[in-house]
Amino acid sequence: MNRLLNQEDPRLRTIAEPVPMDVFNSAWLKELVHSMLEIMKAKGAVGVAAPQIGVNKRIIVFGTAYSRRRRSEVIIPDAILINPVIEHLSAEKESGYEGCLNCADLMGPVARSLEIDYAGYHIDGRPIKKHATGLEARILQHEVDHLDGLLFLDRIEDKASLTTYEKLKQEENPA
Ligand code: NI
């Protein structure tokens, strides 16, 4: 199985390449997506992008079914998106806490568009076009950033606002 890279790894800082048409439906792509979904499940994460495990391709998976940190009112079922493109529909942004599988326990507030349209392809090359708000829009923006060599840390203006999941939990439920 592919391994999650460390925060300092330069491979997290490269622009990922689009998946060429002839790779759709290949065993390689199916195995890769399968292992990305397995990592998401094992880590209780809401999304994984291929560059996070050292694969320099524009592929993401997301969903909230395994989330340990987020109690989402509506479960977003497992989804796969290849060569994703995001269109920001709202100038308005909302700040919300994010973490990342490459950044250990670090969490911090990131401003993201409240409403987006996104497009891309399913594993068999079928086109996908969807509208997303709230948590789904946030996850998409975080994962697509990975494809462009960005980490959520880069979007935090005030580094003093960086915290950890444990500290956040304590603030919410003081003993
Ligand atoms: Ni991440």
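Residues numbered from 1 in each chain as written. Predicted model: local features only at pLDDT ≥ 70, side-chain atom pairs only at ≥ 80, totals over all residues. Heavy atoms only, no water.

**Observations regarding the overall build of the protein**
Regarding its fold elements, the protein presents three helices and eight strands. Start at the N end of the protein and walk to the C end: the helices and strands fall as α-β-β-β-β-β-β-β-α-β-α. The C-alpha atoms of the protein give 16 Å as radius of gyration, which agrees with the globular expectation for 175 residues (16 Å, within 12%). Judged by the C-alpha coordinates and their principal axes, the protein covers about 55 × 35 × 25 Å. Considering only intrachain contacts with a sequence separation of at least 6, the fraction spanning at least 24 residues in the protein is 66%. Accessible area for the protein stands at about 9500 Å²; split by element, carbon and sulfur atoms hold 51% of it. Averaging the positions of the 22 positive and the 26 negative side-chain charges in the protein gives two centres separated by 4 Å. (Helix = DSSP H or I, 4+ residues; strand = E, 2+ residues; numbered from the N terminus. Rg over C-alpha atoms; globule rule 2.2 N^0.38 Å. Contact = heavy atoms within 4.5 Å. Areas by Shrake-Rupley, 256 points an atom, 1.4 Å probe, with all protein chains shown as cover. Lys, Arg positive; Asp, Glu negative; His and termini not counted. Charge placed at Lys NZ, Arg CZ, Asp CG, Glu CD.)

**Description of the packing of aromatic side chains**
Counted by the stated rule, this structure contains two aromatic pairs. Considering the side-chain rings of Phe 24 and Tyr 121, the 5.7 Å spacing of their centres and the 65° angle between planes classify their relative orientation as edge-to-face. Taken as a pair, Phe 24 in the segment before helix 1 (27–43) and Tyr 121 in strand 6 (residues 115–121) lie far apart in primary sequence, 97 residues in all. For Tyr 121, a relative accessible area of 29% translates into the label partly exposed. When the centroid spacing of 6.2 Å and the interplanar angle of 85° are considered together, the rings of Phe 62 and Tyr 118 count as edge-to-face. You can see Phe 62 sitting in strand 2 (residues 59–62) and its partner Tyr 118 sitting in strand 6, a full 56 residues away along the chain. For Phe 62, a relative accessible area of 1% corresponds to the buried category. Classification of Tyr 118 by relative accessible area gives buried; the value is 3%. (Phe/Tyr/Trp six-rings, centres within 6.5 Å; stacked < 30°, edge-to-face > 60°. Buried < 20%, exposed > 50% of the residue type's maximum accessible area, 1.4 Å probe, protein only.)

**A closer look at unusual backbone geometry**
Positive phi is not limited to glycine here, since Asn 25 has a value of about 70°. Structurally, the position occupied by Asn 25 is in the segment before helix 1. Residue Asn 83 is not a glycine yet carries a positive backbone phi of 50°. Looking at the element boundaries, Asn 83 is found in strand 3 (residues 79–88). When its relative accessible area of 15% is taken as the criterion, Asn 83 is described as buried.

**What about the layout of surface pockets?**
The gaps of empty space that remain are located by a probe, the size of a water molecule, rolled over the atoms. Reported here for the second largest pocket is a volume of approximately 420 Å³. Every residue lining the second largest pocket is counted, 22 residues in all, and those nearest its centre are Ala 45, Arg 69, Gly 99, Cys 100 and Leu 101. With four residues, helix 2 (residues 134–147) is the largest single contributor of residues to the lining of the second largest pocket. (1 Å grid on protein atoms, 1.4 Å probe; cavity = no way out; pocket = protein on both sides within 12 Å on 5 of 7 lines; lining within 4 Å. Points joined across faces, edges and corners; volume = space filled by probe spheres on them.)

**A closer look at the coordination of the nickel ion**
Here the nickel ion is held by the protein donor atoms Cys 100 (SG), His 142 (NE2) and His 146 (NE2), which lie 2.1 to 2.3 Å from it. Read from N- to C-terminus, the donor residues coordinating the nickel ion fall into the pattern C-x41-H-x3-H. Here His 146 and His 142 lie together in helix 2, a separation of four residues that amounts to about one turn. Taking relative accessible area as the criterion, His 142 reaches 8% and is therefore assigned buried. (Donors = N, O, S within 2.8 Å, 3.2 Å for Na, K, Ca; no water.)

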